[in-house]
Protein chains: 2
Amino acid sequence: MDRYSIAIDTLGGDNGSRYMVMGIADAMKQANDFDVILTGHEDELKTYINEFNCDKTRITIIDSSEEITCHDSPVEAIRSKKKSSMVLALNEVKEGRAKACISSGNSGALLAGGQFIVGRAKGVKRTPLAPLIPNKFSSSLLIDCGANVDAKPEYLVQFAKMGSVYMENIEGIKNPKVAIINIGAEDEKGNELVKETIPLLRECKDINFIGSIEARDIPEGKADVLVCDAFVGNVILKFYEGIGKTFISEISDTLKKSFFTMIGGAIVKKPLKKTFKKYMADNKGGAPLLGLKGLVVKIHGNCKNNEVSSAIMQCRSFIINEVNSKIVSALEAEK
Amino acid sequence: MDRYSIAIDTLGGDNGSRYMVMGIADAMKQANDFDVILTGHEDELKTYINEFNCDKTRITIIDSSEEITCHDSPVEAIRSKKKSSMVLALNEVKEGRAKACISSGNSGALLAGGQFIVGRAKGVKRTPLAPLIPNKFSSSLLIDCGANVDAKPEYLVQFAKMGSVYMENIEGIKNPKVAIINIGAEDEKGNELVKETIPLLRECKDINFIGSIEARDIPEGKADVLVCDAFVGNVILKFYEGIGKTFISEISDTLKKSFFTMIGGAIVKKPLKKTFKKYMADNKGGAPLLGLKGLVVKIHGNCKNNEVSSAIMQCRSFIINEVNSKIVSALEAEK
């Protein structure tokens with residue numbers, strides 16, 4: 001395979017571009033078959049590139065001081081801030097100079113930019129954002145957490161197929177179990193959307209559809225691909241984050257409560273931390289926006305170097321495994 | 001206030017009617033202003049009533065050996081199993097002999113029975129099931145987790161008002177904070193249902209509407225009444241149960257991992273258990289089905305005596321505080 005480039009928007013995150021470059025440096029050490037195109041403050045980037053001793057022959061910088069912030073209205077920002085680091089990075093994918101683009105900026109703007117700038121791949125009706133969420137054993141793909149809050153059955157069917165291709169090729173899960181998130185196990189349960197989608201999923205011969213999954217079984221890892229509309233997906237994703245944070249702070253507070261709990265806490269803190277580490281998804285890359293002509297990956301606003309480097313490796317895996325053309329084939333097969 | 005009765009379906013739970021009677025005995029000791037009507041196996045009930053030394057003058061038994069099981073189709077079961085313990089208990093409310101009814105049986109059947117047998121109160125468009133879900137400080141009412149999976153804006157507005165009345169009168173929260181569950185904080189975020197509902201809620205002068213709440217803020221207790229359609233409500237409720245169970249089993253497994261963690265675990269186990277006890281809602285009664293001509297309370301299928309007695313005290317509080325007529329007034333005020 002020829003060399004390829006990954007574009008990275010280095011602005012828009014909470015922790016500044018230094019962590020971005022730290023992560024990029026790390027990924028560049030892990031693999032040598034790609035180059036990077038960085039959009040952001042050129043001077044600052046040059047300083048960090050020197051600091052982390054990156055191979056400069058593999059780096060192109062596109063200077064941009066314009067930033068899309070979290071306060072910007074997504075569609076408006078994509079249209080008006082043509083020189084922003086995010087739009088410039090997306091443009092690299094559109095123009096074919098990069099195969100993927102990573103950003104920690106405004107999620108809504110990135111979703112809009114993916115659609116309007118990069119554009120949908122052939123046969124794709126809607127482009128879902130599909131983060132991996134941790135479970136007891138590994139992770140499941142929660143598809144969709146993007147913009148399709150009022151979805152149609154045919155979108156969910158496509159999401160099921162895209163998610164299946166993704167998990168098979170990126171996470172290496174053979175014949176991934178696909179389930180639709182529902183409020184009961186039986187096919188006649190659910191809202192209109194779910195009830196209309198289930199028979200369509202049952203007809204799909206090319207995915208391993210196991211039926212409905214109740215939300216209580218998500219942490220138990222009973223399915224690899226969790227299909228839902230983006231409203232439900234967002235609620236689950238955010239609730240997971242919230243409850244995880246609350247529980248961990250509750251544990252931590254409890255262990256500090258008295259002299260005795262501090263002694264016990266000193267012993268169990270490290271093993272507990274290790275246990276809960278798998279519920280922190282920063283080693284799993286970012287959330288891919290699937291179904292585009294290239295790949296767009298959203299990483300957390302508060303991401304650090306780990307998440308940046310794993311997102312780059314995720315893009316690499318996506319490109320090397322030609323996931324986009326496999327998605328297009330999977331969607332064509334349905335007709 | 002005159003004496004009143006509470007009807008209790010003693011079949012349909014996983015743990016048998018002995019726990020039901022144990023809980024009933026406990027509640028009868030806590031307050032003396034009510035009687036109970038028990039539906040179920042008469043002989044069995046008599047044995048337990050003796051065992052727990054209940055005041056027999058306060059108990060009426062309606063013998064029933066027919067049971068609605070979790071495998072029955074809800075509407076069908078309510079229609080065909082006229083002599084089942086659940087239908088008989090609901091009938092007591094319909095006929096005015098009881099003011100409330102408690103059951104641990106088939107949720108769908110109880111929801112259907114509430115609507116078809118007890119009937120909606122004046123002005124009520126849909127009857128929501130509204131469990132309390134625990135948060136860091138206390139609990140929030142999650143309204144709706146019932147049958148209204150494809151809701152309309154005007155239903156959600158009524159849910160907001162009913163929930164507000166409930167939390168003020170039953171949980172004693174003055175001017176409860178009402179929020180709509182959404183995927184962003186701004187009013188323009190959300191699916192069609194949420195976007196159409198927000199302006200209607202902003203117009204309601206009689207509730208303390210604080211806007212949208214993201215699911216991540218639910219465990220932080222940022223709102224007292226959480227308004228959503230029943231699909232979203234069910235997903236949150238089940239996910240909460242699932243993640244709680246998974247995290248607690250993860251902690252427990254970690255503490256058993258080695259000799260050292262067992263020593264540390266022995267010290268911190270009790271305080272941790274105490275911390276997480278507040279996330280187990282069995283001392284908060286059951287989930288009320290609101291907006292009926294009486295009160296119907298769903299308790300867990302695996303409930304034990306604690307949940308039964310607290311559900312009875314919850315019914316008592318509902319009746320004494322005349323919550324039903326306050327709900328009707330609140331809904332009338334909107335016109």
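Structure first, text after, so check above.
Residues numbered from 1 in each chain as written. Chains lettered and ligands numbered in written order. Predicted model: local features only at pLDDT ≥ 70, side-chain atom pairs only at ≥ 80, totals over all residues. Heavy atoms only, no water.

On to the pattern of salt bridges, then. Using the criterion set out here, one finds 28 salt bridges over all chains in the structure. Between Glu 241 of chain A and Arg 216 of chain B there is a salt bridge, and its shortest N-O distance comes to 3.5 Å. Placement of the pair is Glu 241 of chain A in helix α8 (residues 230-255) and Arg 216 of chain B in the loop between β8 (208-214) and β9 (225-227), with the two residues belonging to separate chains. On the basis of relative accessible area, Arg 216 of chain B is assigned to the partly exposed category, the value being 30%. The residue Asp 35 of chain B makes a salt bridge to Arg 3 of chain B at a minimum N-O spacing of 2.7 Å. Residue Asp 35 of chain B is located in strand β2 (residues 34-40), and its partner Arg 3 of chain B is located in the segment before β1 (4-9); the two are separated by 32 residues in the primary sequence. The exposure class of Arg 3 of chain B is partly exposed, given its relative accessible area of 45%. Residues participating in the shared-partner salt-bridge network are Glu 214 and Arg 216 of chain A together with Lys 238 and Glu 241 of chain B. (Salt bridge = Lys/Arg side-chain N within 4 Å of Asp/Glu carboxyl O. Helix = DSSP H or I, 4+ residues; strand = E, 2+ residues; numbered from the N terminus. Buried < 20%, exposed > 50% of the residue type's maximum accessible area, 1.4 Å probe, protein only.)

Residue and element names in this part refer to chain A. Overall, mixed pairing links the five strands, which are arranged β5-β6-β9-β7-β8 in an open sheet. Each end of this open sheet is capped by a strand with a single partner; those strands are β5 (132-134) and β8 (208-214). Averaged over all pairs of adjacent strands, the angle between strand axes in this sheet comes to 35°, irrespective of strand direction. By the bridge criterion, three bridges tie strand β7 (residues 177-182) to strand β9 (residues 225-227) in an arrangement that is parallel. Paired with Val 178 across the strands is Val 225, a residue of β9. Where helix α7 (residues 192-203) meets the sheet, it contacts β7 and β8, and its direction lies at approximately 165° from that of β7. Packed onto the sheet, α8 meets β5, β6 (139-143) and β7 and runs at close to 40° relative to β5. (Pairing = 2+ DSSP bridges. Axes fitted to C-alpha atoms, helices over the stretch in contact; angles between N-to-C directions. Contact = heavy atoms within 4.5 Å.)

A few words on the packing of helix α9 (residues 259-277) of chain A against helix α9 (residues 259-277) of chain B. Running from N to C, α9 of chain A and α9 of chain B point in directions that differ by 125°, and their axes come no closer than 8 Å. Classified by the angle between their axes, α9 of chain A and α9 of chain B sit oblique to one another. Viewed along their axes, α9 of chain A and α9 of chain B form a crossing whose handedness is left-handed. Between α9 of chain A and α9 of chain B, the contacting residues are Phe 260, Thr 261, Ile 263, Gly 264, Gly 265, Ile 267, Val 268 and Pro 271 of chain A on the first element and Phe 260, Thr 261, Ile 263, Gly 264, Gly 265, Ile 267, Val 268 and Pro 271 of chain B on the second. Taken together, the residues of the contact of α9 of chain A with α9 of chain B sort by class into ten nonpolar, six polar and no charged. (Parallel < 35°, antiparallel > 145°, perpendicular 65-115°, else oblique. Left-handed = near helix turned anticlockwise from the far one by under 90°. Nonpolar A, V, L, I, M, F, W, Y, C, P; charged D, E, K, R; others polar.)

Let us now look at α7 of chain A. Buried residues of α7 of chain A: Leu 193, Val 194, Thr 197, Ile 198 and Leu 201 of chain A, and no others. Angularly, the buried residues of α7 of chain A cover 125° about the axis, an arc narrow enough to put them on a single face. Buried-residue contacts for α7 of chain A involve α6 (153-169), β7 and β8 of chain A together with α8 (230-255) of chain B. (Arc of directions from axis to C-beta.)

Next up on the list: the interface of chain A and chain B. On the chain B side, the residues contacting the 49 residues of chain A number 49 residues. Of the roughly 4600 Å² buried at the junction of chain A and chain B (both faces included), carbon and sulfur atoms supply 75%. Contact with chain B buries area across many residues of chain A, yet Phe 231, Phe 239 and Phe 247 of chain A alone supply 17% of it, more than any other trio. Between Glu 214 of chain A and Lys 238 of chain B there is a salt bridge, with its nearest N and O atoms 2.9 Å apart. Summed over the shared surface of chain A and chain B, the number is ten residue pairs in polar contact (both at pLDDT 80 or more). By residue number, the principal contributor to the side of chain A that touches chain B is α8 of chain A, which donates 19 residues. Its residues assigned to classes, the side of chain A that touches chain B shows 25 nonpolar, 13 polar and eleven charged. (Buried area = accessible area lost by both parts, 1.4 Å probe. Polar contact = N/O pair within 3.5 Å; in protein donor to acceptor, adjacent residues only side chain to side chain.)

Our next topic: the pairing of strand β6 (residues 139-143) of chain B. Residues and elements named next belong to chain B. Counting buried residues along β6, five of its five residues qualify, which places the element largely inside the surrounding structure. With burial as the criterion, each face of β6 is covered, one bearing Ser 139, Leu 141 and Ile 143 and the other bearing Ser 140 and Leu 142. When strand β5 (residues 132-134) meets β6, the two strands line up antiparallel, connected through three bridges. Each residue of the ladder has a partner; that of Ile 133, found in β6, is Ser 140. Connecting the antiparallel pair β5 and β6 is a turn made up of four residues. Bridging between β6 and β9 involves three bridges; their strand directions are parallel. Bridge pairing in β9 places Leu 141 opposite Val 225.

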